[in-house]
There are 2 protein chains.
Amino acid sequence: MTKKIGKQTVELKSRPAIIGAYASVGKKEGEGPLGKYFDTVYKDEFLHKKTWEEAESELLRQTVFGAAANADVRFADIDYIFAGDLINQCTTSSFAIKDFGIPFFGIFGACSTMAEGLSLASMMIDGGFAKKTVCTTSSHFCGAEKQFRFPLEYGSTRTPTSQWTVTGSGAAVLSENGEGPKITHITTGKIVDLGVSDANNMGAAMAPAAADTVFTHLSDTGREASFYDMIITGDLANTGSTLLCELLKKQNIDISKNHYDCGNMIFDTENQNVKSGGSGCGCCASVFCGYLYKLLLCKKIKNILLIATGALMNPTSSNQGRTIPSIAHAVAIEA
Amino acid sequence: MTKKIGKQTVELKSRPAIIGAYASVGKKEGEGPLGKYFDTVYKDEFLHKKTWEEAESELLRQTVFGAAANADVRFADIDYIFAGDLINQCTTSSFAIKDFGIPFFGIFGACSTMAEGLSLASMMIDGGFAKKTVCTTSSHFCGAEKQFRFPLEYGSTRTPTSQWTVTGSGAAVLSENGEGPKITHITTGKIVDLGVSDANNMGAAMAPAAADTVFTHLSDTGREASFYDMIITGDLANTGSTLLCELLKKQNIDISKNHYDCGNMIFDTENQNVKSGGSGCGCCASVFCGYLYKLLLCKKIKNILLIATGALMNPTSSNQGRTIPSIAHAVAIEA
């Protein structure tokens, strides 16, 4: 029987399997260090649509098709789909999946959405409510810039701590049985807000939330950081990753040897002009579904702790000078 | 053991109890037919804050405090909080609960959010992941008008089919045991989009989704519509309610005698100048937590089917001429 262990963690005794995954990205992501691992690389940022918003929906839609095909699952056999994104009112997801006919739970956790989706989708299976679930999310550089920052045509200067929104999407199919990496533990984050209000430094805002969730996960499970082959945050990028390691060191937790960050991994941060690194719901989603999933599948690594982080602000709150409440959800996955 | 019955419904064998609820509304809602049932009526739409956004967060925050107090529950004993709202990136919820220290799942279902929250919060308990959960949502007329329509100062003319966003919030505390109305069935909606694109006629856009969910719930459970003392949609208002009854009549389902709509109930639609009626996440939330919950608690009614409906568009999608994907989630509750 599944039980809550410690303060914020549940152990999933049924160990739901991720029986299929798919990742789609844009041109720049395809040219990055993980390019060859993504299932589809779109050269055209419009995906043959008229607007960036429609393009992002198409990106997510095709990614879900890909994941279902890889898992060899019919839509009629999927009990629930969990989806969310960065675009206002999560319309990317709604328009993408509106014709799927799958019962839908809309979620929002900013860049933490993939881990939130994996958490809820796996608990639905473990709780006996579903046999198969899907979780998915996406982001699109152009749509995100338009909504959160400045018109692209301005060619605005970016600060060194700013992050580059990934054009990408990931989708995972979970099942009560079948072959694939297993989800074993879920540590659900609480909001942490240490007062950072610079929307161009989301890594600094989110690092304390990530530290809180990693610390809680390890203490809830009684595990050492070295238990995991990889502890992967998404998306603190360079600035936030450094802060995370420092914050955890103060708690006598050393993750310097096995910490990776999706925002650092997806781009060549020195040569691709992305400043601190990647971000966006699609960053963690595409790195997990495209790269990490494959490493687990072929057993190159035996386990990971995936901690997706989200900055829960909007342009209005930033313009009003408010802080950036942040959150991080952790999911432990075994090969 | 909990089981999925039919296509989209789960029966919760553990029957989680709603051990406390609280509803807060604004002045206009307090002057409506249900005024005396709301726990707090705020006369000042700013709630002593500087912005409408901060005011809405304060509204939600105080509502959660009220629900926890009514349920006699400490925050430290709440395993998860589910929250979401209409404001971009769900910042109302994030800012409201950021200091609560409760593991948080952000959800988005537009005006269906309260039913989505009740669904997930009760499944978390039934699945053994939590002993106590909270779900909450809110909306604020001024913040919603500013974001979705026109500056209030314009005093724009409203169309007859338009709906008036409720200033209100509701919060419910669910528990694996304890006294209170029990959640027995969850029917999770799928997106329905029949092509309505008029953002001033959300009732018409959402009615088909509500009809789909009511039809599915009844066929999954094998129940007649007359099984329920009240079948309550939130928030189709006048236009959408008429359409819902017509659509169901075509399926030989007659809900004309026991159908109510939160958007119709919260305002005196003839004398409060709200056109078709109320809407917003806070409409269903405050009517359920303020009024229906009390009817169930004192056993004036024995059961309800609560179907919250959501219009999953945003201003950009409407300006781009796109349709309004809609969804409805149903929750069966017994006294």
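In this text, all values refer to a predicted model and were calculated from it rather than measured experimentally.

A. Representation of the pairing of strand 7 (residues 132-139) of chain A within the structure. Residues and elements named next belong to chain A. Among the 8 residues of strand 7, 7 are classified as buried, and the element is accordingly described as predominantly covered. Across 6 bridges, the pairing between strand 5 (residues 80-85) and strand 7 is parallel. Bridge pairing links Phe82 to Cys135 in strand 7. Note: strand 7 against strand 9 (residues 168-175), 8 bridges, orientation antiparallel. Looking at strand 9, one finds that Thr133 is bridged to Leu174.

B. Representation of the interface of chain B and chain A. At the junction of the two partners, chain B supplies 59 residues and chain A supplies 59 residues. Taken over both partners, the interface formed by chain B and chain A buries close to 4,900 Å², and the fraction arising from carbon and sulfur atoms is 62%. In terms of surface lost to chain A, no three residues of chain B exceed B:Gln89, B:Phe95 and B:Phe129, which account for 16% of the buried area on that side. Summed over the shared surface of chain B and chain A, the number is 4 salt bridges. Residue A:Asp79 pairs with B:Lys4 through a salt bridge whose shortest N-O separation is 2.4 Å. Put simply, chain B and chain A have 20 residue pairs in polar contact (both at pLDDT 80 or more) between them. Elements with a contribution of two residues or more to the side of chain B that touches chain A: helix 2 (52-71), strand 5 (80-85), helix 3 (91-97), strand 6 (104-106), helix 4 (113-126), helix 5 (141-148), helix 10 (315-319) and strand 15 (326-334) of chain B.

C. Structural view of helix 9 (residues 281-297) of chain B. Residue and element names in this part refer to chain B. For helix 9, spanning 17 residues, the distance from its first C-alpha to its last is 23 Å, which sits close to the expected 24 Å at 1.5 Å a residue. Summarising burial for helix 9: 15 of the 17 residues are buried, a large majority. One or two positions beyond helix 9, positive phi appears at Lys299, with a value near 55°.

D. Region of the structure containing the pattern of salt bridges. Residues and elements named next belong to chain A. Considering all chains together, one arrives at 33 salt bridges over all chains under this definition. A salt bridge links Glu31 to Lys27; the nearest nitrogen and oxygen atoms lie 3.3 Å apart. Salt-bridge contacts for Asp99 lead to Lys98; the nearest nitrogen and oxygen are separated by 3.8 Å. Residue classification places Asp99 among the exposed positions, given a relative accessible area of 61%.

E. Region of interest: the relation of the copies chain B and chain A. Expressed as a screw operation, the relation of chain B to chain A combines 0.0 Å of axial shift with a rotation of 180°, fitting to an RMSD of 0.0 Å. When the rotation and shift are considered jointly, the pair of chain copies conforms to a two-fold rotation axis.

F. Summary view of empty space enclosed by the protein. Evaluated as defined, the whole model comprises 3 cavities of 30 Å³ or more. Empty space within the largest cavity amounts to approximately 50 Å³. Elements represented by at least two residues in the lining of the largest cavity include exactly helix 2 (52-71) and helix 3 (91-97) of chain A together with helix 10 of chain B. Per-element accounting of the lining of the largest cavity gives the leading share, 3 residues, to helix 3 of chain A. In terms of residue class, the lining of the largest cavity is built from 2 nonpolar, 7 polar and 2 charged.

G. Molecular detail of the state of the cysteines. This structure, assessed with the given rule, holds 0 disulfides over all chains. As a non-bridged cysteine, A:Cys289 has A:Cys135 as the owner of its nearest cysteine sulfur, 6.9 Å distant.

H. Focus on unusual backbone geometry. Cis peptide bonds are those with omega within 30 degrees of zero, and the linkage from A:Gly234 to A:Asp235 qualifies with 20°. Tracing the backbone shows A:Asp235 in the loop between strand 11 (230-234) and helix 7 (237-249). Backbone geometry places B:Ala110, a non-glycine residue, at a positive phi of 50°. Looking at where B:Ala110 falls in the secondary structure, it is placed in the loop between strand 6 and helix 4. For B:Ala110, a relative accessible area of 2% translates into the label buried.

I. Seen up close, the packing of aromatic side chains. Inspection of every chain in the model, using the stated rule, returns 22 aromatic pairs over all chains. Taking the centre distance of 5.7 Å and the plane angle of 10° together, the rings of A:Phe65 and A:Phe75 count as stacked. Within this pair, whereas A:Phe65 is found in helix 2, its partner A:Phe75 is found in the loop between helix 2 and strand 5, the two being separated by 10 residues in sequence. Judged by centre distance (5.4 Å) and plane angle (45°), the ring pair of B:Phe65 and B:Phe100 falls under tilted. On the criterion of sequence distance, the pair formed by B:Phe65 in helix 2 and B:Phe100 in the loop between helix 3 and strand 6 is long-range, its members being 35 residues apart. Look at B:Phe65 and you get partly exposed, because its relative accessible area is 31%. Members of the aromatic cluster, joined through ring pairs, are A:Phe65, A:Phe75 and A:Phe100. For the cation-ring pair, B:Arg322 lies above A:Phe95, with the distance from its terminal atom to the ring centre recorded as 3.9 Å.

Rules and cut-offs
- Residues numbered from 1 in each chain as written.
- Chains lettered and ligands numbered in written order.
- Predicted model: local features only at pLDDT ≥ 70, side-chain atom pairs only at ≥ 80, totals over all residues.
- Heavy atoms only, no water.
- Buried < 20%, exposed > 50% of the residue type's maximum accessible area, 1.4 Å probe, protein only.
- Helix = DSSP H or I, 4+ residues; strand = E, 2+ residues; numbered from the N terminus.
- Pairing = 2+ DSSP bridges.
- Contact = heavy atoms within 4.5 Å.
- Buried area = accessible area lost by both parts, 1.4 Å probe.
- Salt bridge = Lys/Arg side-chain N within 4 Å of Asp/Glu carboxyl O.
- Polar contact = N/O pair within 3.5 Å; in protein donor to acceptor, adjacent residues only side chain to side chain.
- Expected span 1.5 Å × (residues − 1).
- Least-squares fit on C-alpha atoms with pLDDT ≥ 70 in both.
- 1 Å grid on protein atoms, 1.4 Å probe; cavity = no way out; pocket = protein on both sides within 12 Å on 5 of 7 lines; lining within 4 Å.
- Points joined across faces, edges and corners; volume = space filled by probe spheres on them.
- Nonpolar A, V, L, I, M, F, W, Y, C, P; charged D, E, K, R; others polar.
- Disulfide = S-S within 2.5 Å.
- Phe/Tyr/Trp six-rings, centres within 6.5 Å; stacked < 30°, edge-to-face > 60°.
- Lys NZ or Arg CZ within 6 Å of the ring centre and 35° of its normal.

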